[in-house]
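This is what each chain is made of:
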Amino acid sequence: MFAALAAQQIYSSLYLLSVYAGSPTEGVLREGWSAPTKLSMGTSCVRFSTAADFDPPLITELFAACPSDEFVERAKAARVR
């Protein structure tokens, strides 16, 4: 799973497994966040209440920064451990 969107009771979550804790793209997300609200992030998810609470250009940049073949290789390597 590369990305997923989930509706919780009070907020929505965008799960971005390409920015899983400790990955280089996690730093890009934390440094580049420019939405009007503070970044609310879990291990691999960004939480938001409304669409205005997150930064679509940055999310698009993160998708582009991790090609699918690279993501698959990372996932396979993680399963071997």
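Preceding this section is the structure that the text describes.
The structure displayed is predicted, hence computed values, not measured ones.

Enquirer: Describe the packing of helix 1 (residues 24-32) against helix 2 (residues 56-65), and please don't skip the residues or the numbers.
Expert: Between helix 1 and helix 2, the least distance of the axes is 10 Å, while the angle of their chain directions is 165°. With respect to helix 2, the axis of helix 1 lies roughly antiparallel. The chirality of how helix 1 crosses helix 2 is right-handed. Two secondary-structure elements touch here, helix 1 through Thr-25, Val-28, Leu-29 and Gly-32 and helix 2 through Leu-58, Ile-59, Glu-61, Leu-62 and Ala-65.

Enquirer: Would you mind going over the sheet that holds strand 2 (residues 12-16) in detail, with residue names and values included?
Expert: One open sheet holds the four strands; their spatial order is 1-2-4-3, and the pairing between them is antiparallel. In the strand order of this sheet, the two ends are held by strand 1 (3-7) and strand 3 (40-41), each with one partner. In the sheet, strand 1 pairs with strand 2 via five bridges, with the strands oriented antiparallel. The residue bridging Ala-6 from the neighbouring strand is Ser-13, located in strand 2.

Enquirer: Describe the pairing of strand 4 (residues 45-48), listing the residues and the values that go with them.
Expert: Bridge count between strand 2 and strand 4: four bridges; the pairing is antiparallel. Bridge pairing links Leu-14 to Val-46 in strand 4. Relative to strand 4, strand 3 is paired through two bridges, and the arrangement is antiparallel. Looking across to strand 4, one finds that Met-41 is bridged to Val-46. If you look at the hairpin formed by strand 3 and strand 4, you'll find three residues sitting between the two strands.

Thresholds, definitions, all that
As a convention, each chain's residues are numbered from 1 in the sequence order in which they are written. Selection of residues for local features in this predicted model requires a pLDDT of at least 70, selection of side-chain atom pairs for listing and counting requires 80 or more, and totals for whole chains, interfaces and linings are taken over all residues. Water and hydrogen atoms were dropped before computing side-chain values, which therefore reflect all heavy atoms in the structure. Each axis is a line fitted through C-alpha atoms, and for a helix only the stretch in contact is used; angles between axes span 0 to 180 degrees, taken between their N-to-C directions. Labels follow the DSSP assignment, with helices taken as runs of H or I lasting at least four residues and strands as runs of E lasting at least two, numbered in each case from the N terminus. Our angle categories are set so that under 35 degrees counts as roughly parallel, over 145 as roughly antiparallel, 65 to 115 as roughly perpendicular, and the remainder as oblique. The sense of a crossing depends on the near helix, which, turned anticlockwise from the far helix by less than a right angle, makes the crossing left-handed and, turned clockwise, makes it right-handed. What makes two residues a contact is simply this: any of their non-hydrogen atoms within 4.5 Å. Two strands qualify as a pair provided that DSSP identifies no fewer than 2 bridges between them.

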